[in-house]
Amino acid sequence: MALLLSVAFAVQNPISHYWHKITDPTFRSVYHANGFDLAMMIPYFIVLLVLTVYGLHRYWLVYDYFAYSKNIPPDPPPVTQWPRVTVQLPIFNERYVIERLVEAVSRFDYPAELLDVQVLDDSTDETCDVARACVERHAAQGMPIVYIHRTNREGYKAGALENGLKTSTGEFVAIFDADFLPEPDFLRRTIPYFMNPDGGGKIGMVQTRWTYLNSDYSLLTNVETILLDGHFVVEHGARSRRGTFFNFNGTAGVWRRKAIDDAGGWQHDTLTEDTDLSYRSQLKGWKFLYLPQIECASELPVDMNGFKAQQARWAKGLMQTAKKILPKVLKSDAPWHVKTEAFFHLTGNISYPLMILLSTMLLPAMIVRFYQGWFQMLVIDLPLFLASTCSISSFYLVSQRELRPKTWWRTFLYMPFVMATGIGISVRNAQAVIEALLGKKSEFARTPKFNIEGKQGTFAKKSYRNKAGWMPYAEVLLGLYFSLTIVYAISNENYATVPFLLLFVWGYLYTGCMSLGQTYFARLRFGVNAPEMRPATSGAPGF
């Protein structure tokens, strides 16, 4: 008994000491906020509150996803007369994957006489020869396919699609990016929804769910899988079930040609021409369907610079679309919940520059809050921080549980890396969002594809890899800055904040060092997937 009491006292003593530390009122009677403190704390709490609102919106999406779970489109009746379909394959310098894509489309079990396949090539390298030879080979075998090459990239992808429509003959238009592999029955499963006598004539677009050929290639691709699954399961699922606007994802979907024309056609004044057209079409009264049960395989970016370029393009494009479309949505006759969801959807990337502001203010805020008392920090700051960040965890955990009910618990092992990667890309995305707000134009930065499936393959000696630029150095500096913040937190026994600060350290150092490593040291590779990290055989992240 005496021994047990001694052990209990030894355990309770540090806990009691820490509790006394955070509730110590010593500074409360002598501390008085000065101008500097207010200058730090007012913007700190404003940023934290805004991030909290967007974090709570994620909880709301999860609620909508389950609350309207019964609002799913029923299976359409059999089609008696199939319509003519144009299949557009827009490519730009895709020499590694174009043949794989055309081969997949050639296996469509749709009536060949009702197909019109277009390879829309804006390439400036040997992809032109590869694509032309591929098209000629399949055309000689009876496939209804044509090769359309432009000598300029006016309008980028949107321009290529619009140019293809000039000679298209289909009542419906299916679009696939170069890194996608649609199943042979893709059209037979999607077209019937348009032909349904019960409301099918009002459907303007059908979007299917992406799956991934190389999810297990590396830690990065595992993180990307979780991020995209959250979008395709919870975001698309909640918005489509609730009846709010959602967007075509640029690929793996089918449009009614009339819906495209009625909305004004493809426009290239934003970097997300798919979202732009989606909102214009839905404002015209066209209905969109999301069909998660129909899957379309794709290839994830395997290099950090390519992944960051993709995310920055999406962030900038959505903000450009918000500036262009959101005023029209707010002035429309759409219900309030549609307008509210459109606002959060299109402006959600404002969280990236706010995250950078929060990052730079955390250390000064910690110092100021120390003199106000740790108890206040735990009662006020911590709940706000959890509301703005932990909603991300619930968001992605729900999507994994829906897709993988037997193994979804493994996602817990990856969640720290998901959150850290989201923090790490905030520098690049913040720059993209600010450029959009300022009206600065930029080229359409393509995401390179290397024909990598499963855990095999390499990209070190292949072309198209994005350059790092100055951004990784800023990310590394931020990682070092947060390392000092952790030292300060530990020295002041503020242990509760250390796990969150570690996310910032890992996120910035991981993205920064990976970008630099894959740019300058790509030839120093150890194993198939170096310098990228690979998951261990247990499924847990490996280092």
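Residues numbered from 1 in each chain as written. Predicted model: local features only at pLDDT ≥ 70, side-chain atom pairs only at ≥ 80, totals over all residues. Heavy atoms only, no water.

1. Quick word on the overall build of the protein chain
(1) Moving on: Looking only at helices and strands, one finds 17 helices and eight strands in the protein chain.
(2) Moving on: Taking all 543 residues of the protein chain together, the buried fraction comes to 57%.
(3) Moving on: Residue pairs in contact within the protein chain that sit at least 24 positions apart in sequence constitute 83% of those at least 6 positions apart.
(4) Moving on: For the protein chain, the computed accessible surface area is about 23700 Å², with 62% contributed by carbon and sulfur atoms. (Helix = DSSP H or I, 4+ residues; strand = E, 2+ residues; numbered from the N terminus. Buried < 20%, exposed > 50% of the residue type's maximum accessible area, 1.4 Å probe, protein only. Contact = heavy atoms within 4.5 Å. Areas by Shrake-Rupley, 256 points an atom, 1.4 Å probe, with all protein chains shown as cover.)

2. Comments concerning the packing of helix 10 (residues 304-331) against helix 15 (residues 426-438)
(1) Moving on: Contact geometry of helix 10 with helix 15 gives a least axis separation of 8 Å together with a crossing angle of 30°. Viewed along their axes, helix 10 and helix 15 adopt a mutual orientation that is roughly parallel. Considering only the axes of helix 10 and helix 15, their crossing is right-handed. Contact with helix 10, carried on its side by Lys308, Ala309, Gln311, Ala312, Ala315, Lys316, Met319, Gln320 and Lys323, involves Arg428, Asn429, Ala432, Val433, Glu435, Ala436 and Leu437 of helix 15 and no other residues of that element.
(2) Moving on: Looking at side-chain class alone, the contact of helix 10 with helix 15 contains eight nonpolar, three polar and five charged residues. (Axes fitted to C-alpha atoms, helices over the stretch in contact; angles between N-to-C directions. Parallel < 35°, antiparallel > 145°, perpendicular 65-115°, else oblique. Left-handed = near helix turned anticlockwise from the far one by under 90°. Nonpolar A, V, L, I, M, F, W, Y, C, P; charged D, E, K, R; others polar.)

3. Section: the pairing of strand 7 (residues 253-256)
(1) Moving on: Across the two faces of strand 7 the burial is the same, with Gly253 and Trp255 and Val254 and Arg256 all buried.
(2) Moving on: For strand 4 (residues 172-175) and strand 7, the ladder comprises four bridges, and the chain directions are antiparallel. Bridging from a neighbouring strand, Phe172 pairs with Arg256 of strand 7.
(3) Moving on: In this structure, strand 6 (residues 203-212) lies alongside strand 7, joined through three bridges in antiparallel fashion. Residue pairing in the sheet places Gln207 in a bridge with Gly253 of strand 7. (Pairing = 2+ DSSP bridges.)

4. Notes on the confidence of the model for the protein chain
(1) Moving on: Summing up the model confidence of the protein chain, the mean pLDDT is 84 and the portion of residues at 70 or higher is 80%.
(2) Moving on: Note on residues 7-12: pLDDT under 50 across the span, and zero contacts to partners over four residues away in sequence or across chains.
(3) Moving on: For residues 26-31, every residue scores under 50 in pLDDT, and the model assigns this stretch 10 contacts once sequence neighbours within four places are set aside. (pLDDT = per-residue confidence, 0-100.)

5. Section: helix 5 (residues 156-165)
(1) Moving on: Counting buried positions along helix 5 gives seven out of 10 residues, so the element sits mostly inside the fold.
(2) Moving on: Taken together, the buried positions of helix 5 are Lys157, Ala158, Gly159, Ala160, Leu161, Gly164 and Leu165.

6. Some thoughts on the pattern of salt bridges
(1) Moving on: Taken as a whole and assessed by the stated rule, the structure comprises 21 salt bridges.
(2) Moving on: A salt bridge links Lys324 to Asp276; the shortest N-O distance between them is 2.8 Å. Highlighted residues: Lys324 in helix 10 and Asp276 in helix 9 (residues 273-283), separated in sequence by 48 residues.
(3) Moving on: Of the charged contacts, one joins Glu435 and Lys316 as a salt bridge, the two residues approaching to 3.0 Å between their closest N and O atoms. (Salt bridge = Lys/Arg side-chain N within 4 Å of Asp/Glu carboxyl O.)

7. Notes on the nonpolar core
(1) Moving on: The biggest cluster of nonpolar side chains holds 66 residues, and the ones touching the most others in it are Val87, Leu187, Trp255 and Trp266.
(2) Moving on: The leading source of residues in this core is strand 8 (residues 287-298), at six residues.
(3) Moving on: Look past the residues within four positions of Leu187 in its chain and what remains in contact with it is Trp82, Val85, Val87, Phe108, Tyr110, Leu115, Ala174, Pro192 and Val254.
(4) Moving on: By size, the runner-up hydrophobic cluster in this structure holds 31 residues, among which are Met419, Tyr488, Val505 and Tyr508. (Core = buried A, V, L, I, M, F, W, Y, C linked by side-chain atoms within 4.5 Å.)

8. A short note on a nonpolar patch on the surface
(1) Moving on: Residues Leu38, Ile42, Ile46 and Val50 make up a contiguous nonpolar surface patch of roughly 340 Å² in combined accessible area.
(2) Moving on: Relative to the elements of secondary structure, Ile42 occurs in helix 2 (residues 35-67). (Patch = residues over 30% accessible without salt bridge, like charges linked within 9 Å, V, L, I, M, F, W, Y side chains within 5 Å.)

9. Quick word on the packing of aromatic side chains
(1) Moving on: Taken as a whole and assessed by the stated rule, the structure comprises 25 aromatic pairs.
(2) Moving on: With centroids separated by 5.2 Å and ring planes inclined at 85°, the aromatic side chains of Tyr65 and Phe66 adopt a geometry described as edge-to-face.
(3) Moving on: Taking the centre distance of 4.8 Å and the plane angle of 40° together, the rings of Trp210 and Phe232 count as tilted. Taken as a pair, Trp210 in strand 6 and Phe232 in helix 7 (residues 219-242) lie far apart in primary sequence, 22 residues in all.
(4) Moving on: Three or more aromatic residues joined by ring pairs make a cluster, and in this case those are Phe246, Phe248, Trp255, Trp266, Phe288 and Tyr290.
(5) Moving on: Directly above the ring of Phe92 sits Arg153, whose terminal nitrogen or CZ lies 3.6 Å from the centroid.
(6) Moving on: A cation sits over an aromatic face here: Arg241 above Tyr65, 4.0 Å from the ring centre. (Phe/Tyr/Trp six-rings, centres within 6.5 Å; stacked < 30°, edge-to-face > 60°. Lys NZ or Arg CZ within 6 Å of the ring centre and 35° of its normal.)

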